[in-house]
Amino acid sequence: MRKIELEIVALSHSITQTHSYAVVLGEVNGLRRLPIVIGGFEAQAIAVALEKMQPSRPLTHDLVKNFLDAFQIELREVIINNLQEGIFYSQLVCFNQQDVIEIDSRTSDALALAVRCGCPIYIYEHILDSAGLSVEETEAKKETQTGVKTQAKEGDADLQSLSLEALNQLLQEVLEQEDYIRAISIRDEINSRKKGKR
């Protein structure tokens with residue numbers, strides 16, 4: 001299976017849901033984005049590492065990194081290797097001078113460790129194809145979205161009543177606003193419709 005490298009491009013707080021965050025991964029040398037919903041603690045753990053902050057005592061992910069360093073284990077890469085019912089699964093690929101060991105991990109924990117260890121993050125292409133969002137940089141769509149904007153303000157509970165074209169326009173608008181939590185629900189509605197047509 002082909003792997004695609006990702007990088008963390010943003011941490012986004014949900015505008016519509018309190019205590020919800022999304023870590024946004026971007027395709028290296030590409031336009032696709034992969035938002036993943038995470039909790040507040042996980043968002044903080046990633047933010048601390050991205051900002052290179054030094055807490056007075058090590059956080060859990062710092063402790064794991066210290067453990068890896070003490071026993072000369074190298075975290076070579078993180079692979080997002082599965083997606084089931086909206087939940088992403090990941091593996092830590094470690095090397096201890098003799099063996100390569102793969103360890104299952106929550107994706108949020110894997111990302112927090114990847115930032116601390118400076119290792120690459122990968123995803124299998126078929127997962128990015130099904131869950132990724134394309135970021136389009138066309139200004140033309142902005143002018144055709146006035147009807148969609150009214151519905152977007154009313155909430156996403158009525159996504160099922162929107163046409164596929166309107167959903168795609170709404171998705172682009174939400175991406176421009178960087179509200180990745182809403183983008184996930186819109187993407188899921190689009191994907192469920194596409195599966196229904198097959």
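If you're wondering where the values come from, they're calculated on a predicted model, not measured in any experiment.

## As for the confidence of the model for the protein
On average, residues of the protein carry a pLDDT of 83, and 85% of them reach 70 or more. Here residues 137-156 is a poorly scored stretch, pLDDT under 50, and it has 20 contacts once near neighbours within four places are set aside; other chains count.

## A short note on helix H3 (residues 107-117)
Judged by how many residues are buried, H3 sits mostly within the fold: 9 of 11 residues are covered. All of the buried residues along H3 are Thr107, Ser108, Asp109, Ala110, Leu111, Ala112, Leu113, Ala114 and Arg116. Once H3 ends, the next one or two residues include Gly118, with phi positive near 70°.

## Observations concerning the pairing of strand S5 (residues 87-95)
Consecutive side chains along a regular strand alternate between the two faces of the sheet. Bridge analysis of strand S4 (residues 74-84) against S5 gives 9 bridges, and the strand direction is antiparallel. Opposite Glu77, over in S5, you have Val93 as the bridge partner. Between S4 and S5, which follow one another and run antiparallel, lie 2 residues, and Glu85 among them has a positive phi close to 50°. Sheet topology note: the S5/strand S6 (residues 100-106) ladder contains 7 bridges and is antiparallel. Bridge pairing in S6 places Gln91 opposite Asp104. Where S5 folds back onto S6 in an antiparallel hairpin, the turn is made up of 4 residues, including Gln97, whose phi is positive at roughly 75°.

## Some thoughts on the packing of aromatic side chains
Per the counting criterion, the structure on display carries 1 aromatic pair. Here the aromatic rings of Phe67 and Phe71 are separated by 4.9 Å at their centres, their planes lie at 40°, and the arrangement is tilted. Positioned above the aromatic ring of Tyr122 is the side chain of Lys3, whose terminal nitrogen or guanidinium carbon lies 4.6 Å from the ring centre. Above the face of the Phe95 ring, Arg76 is positioned so that its terminal group lies 4.0 Å from the ring centre.

Calculation notes
Residues numbered from 1 in each chain as written. Predicted model: local features only at pLDDT ≥ 70, side-chain atom pairs only at ≥ 80, totals over all residues. Heavy atoms only, no water. pLDDT = per-residue confidence, 0-100. Contact = heavy atoms within 4.5 Å. Buried < 20%, exposed > 50% of the residue type's maximum accessible area, 1.4 Å probe, protein only. Helix = DSSP H or I, 4+ residues; strand = E, 2+ residues; numbered from the N terminus. Pairing = 2+ DSSP bridges. Phe/Tyr/Trp six-rings, centres within 6.5 Å; stacked < 30°, edge-to-face > 60°. Lys NZ or Arg CZ within 6 Å of the ring centre and 35° of its normal.

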